[in-house]
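Chains, contacts and geometry: an overview
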Amino acid sequence: MKSKTDEELVALILQNHRPALEELYDRYVKLVYSFSLKMAKGDSEKTKEIVQQVFLRLWTTKQTYNPSQGKFVNWLLTITRNIAIDIIRKEQKEHVNIQLDPQEWHQMQDQKTEGVPEQVSNNLLKQQIREAKQNLSESQQRLIHLLYWEGYTLSEIAEMERTPLGTIKNRLHQSLKKLRNYMSEELGGVVRHGK
């Protein structure tokens, strides 16, 4: 196995060839671990969970590495990054739910009196963004959500949507352009009316 390339090993993994996975593990576990440790801010338990999930995904997923899209190590680190983000977000969400029930959360928010102008400004901006998103098609809204809020890469979104990467990139460009135009019109209107 040691003489095989990463690409050959990935092809063998797709055929459920366990020694191929073990070889990739031996080659990359230190890199994946150190990268995960940084993402987990030194939390070794979380790091172990991330590493386990990365190699489990390599074994179970049918999404394969495509050499024409870059080096295997970059693809592997992208998977690691996405899994780390998912695990960290899940833990943060659970932590907030454990620490505060909704009533306590609202009481805490109501107690904030400092920075009221900033809060009003932020709320106005959030409302404008929500309104701007309504001007996007459903597929554009989904793309923005997956990319910016869920942390998926454009390549992963293309695979999930079963759409060419170029189409996804074009959709993103058009979506951002539409949002930018809407926001500049809205902000321009606010500035004009405010004078």
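A short tour of the structure in this document, coming up. (Residues numbered from 1 in each chain as written. Predicted model: local features only at pLDDT ≥ 70, side-chain atom pairs only at ≥ 80, totals over all residues. Heavy atoms only, no water.)

**As for the overall build of the protein chain**
Let me state the cut-off plainly: Secondary structure elements follow DSSP: runs of H or I of four or more residues count as helices, runs of E of two or more count as strands, with numbering from the N terminus. Each residue is placed in one exposure class: buried if its accessible area under a 1.4 Å probe, protein chains only, is under 20% of its type's maximum, exposed if it is over 50%, and partly exposed if it falls in between. Whether two residues are in contact is decided by their heavy atoms: any pair within 4.5 Å suffices. To be clear on the numbers: accessible area is Shrake-Rupley with a 1.4 Å probe, and residue cover counts the displayed protein chains and nothing else.
Across its full length, the protein chain carries nine helices and zero strands. Ordering the α and β elements of the protein chain from the N terminus gives α-α-α-α-α-α-α-α-α. Burial status across the protein chain gives 29% buried among its 195 residues. For the protein chain, long-range pairs separated by at least 24 residues make up 57% of all intrachain contacts whose partners lie at least 6 apart in sequence. Roughly 13,500 Å² of accessible area belongs to the protein chain as shown, and the carbon and sulfur atoms make up 52% of that amount.

**Notes on the nonpolar core**
A general tendency of soluble globular proteins is for nonpolar side chains to be buried together. So the rule is basically this: As used here, the term nonpolar core means buried Ala, Val, Leu, Ile, Met, Phe, Trp, Tyr and Cys residues forming a set that is joined through side-chain atoms within 4.5 Å.
Among the nonpolar cores identified, the biggest contains 24 residues, and Val54, Phe55 and Phe72 are the most heavily contacted of them. Of all the secondary-structure elements, those providing two or more residues to this core are helix H1 (6-14), helix H2 (18-39), helix H3 (44-60) and helix H4 (72-99). Examining the composition of this core, we find that seven residues originate from one element, H4, more than from any other. Ignoring any residue separated from it by four or fewer positions in sequence, one finds Val54 in contact with Val32, Leu76, Ile79, Thr80 and Ile83. In terms of nonpolar packing, the next biggest core, distinct from the first, is built from 13 residues, Leu136, Leu143, Ile157 and Leu172 among them.

**Notes on H2**
Let me state the cut-off plainly: The angle separating two fitted axes, one through the seven residues that finish at a residue and one through the seven that start at it, defines the bend at that residue.
Residue Tyr28 marks the point of greatest curvature in H2, where the axis turns by about 55 degrees. Restricting attention to buried positions, one finds in H2 the residues Ala20, Leu21, Glu23, Leu24, Tyr28, Val29, Val32 and Ser36. Just downstream of H2, Lys41 is the residue with a positive phi angle, here 50 degrees.

**Focus on the packing of H2 against H3**
Definition in use: Axis definition: a line fit to C-alpha positions, over the contact stretch in the case of helices; interaxial angles, taken between N-to-C directions, run 0 to 180 degrees. Should the near helix be turned counterclockwise from the far one by less than a right angle, the crossing is left-handed, whereas a clockwise turn marks it as right-handed. Any residue that is not Ala, Val, Leu, Ile, Met, Phe, Trp, Tyr, Cys, Pro, Asp, Glu, Lys or Arg is counted as polar, Gly included; the first ten are nonpolar and the last four charged.
Taken N-terminus to C-terminus, the directions of H2 and H3 make an angle of 145 degrees; their axes are 10 Å apart at the nearest point. For the crossing formed where H2 meets H3, the hand is right-handed. Across the interface between the two elements, Arg18, Leu21, Leu24, Tyr25, Tyr28, Val29, Val32, Tyr33, Ser36 and Leu37 from H2 touch Ser44, Thr47, Lys48, Ile50, Val51, Val54, Phe55, Leu58 and Trp59 from H3. When the residues that make up the contact of H2 with H3 are grouped by side-chain class, the tally is 14 nonpolar, three polar and two charged.

**Quick notes on the side chain of Thr163**
To be explicit about the condition: Think of a polar contact as two N or O atoms within 3.5 Å of one another; within protein, one of them needs to be a possible hydrogen donor and the other a possible acceptor, and neighboring residues in sequence only count if both atoms come from side chains.
Inspection of the secondary structure assignment puts Thr163 in the loop between helix H8 (154-161) and helix H9 (165-194). A relative accessible area of 16% places Thr163 in the buried class. In this structure the side chain of Thr163 is engaged in a polar contact, spanning 2.9 Å, whose partner is the backbone oxygen of Glu161. Dropping the residues within four chain positions of it, Thr163 is found in contact with Ala158, Ile168 and Arg171.

**A closer look at unusual backbone geometry**
Across residues other than glycine, the phi torsion is negative in most instances, and most of the peptide bonds are trans. With a phi close to 60 degrees, Asn16 is a non-glycine residue in the positive phi region. Take Asn16: it is sitting in the loop between H1 and H2. For Arg162, which is not a glycine, the phi torsion comes out positive at approximately 55 degrees. With respect to the element layout, Arg162 can be found in the loop between H8 and H9. For Arg162, a relative accessible area of 77% corresponds to the exposed category.

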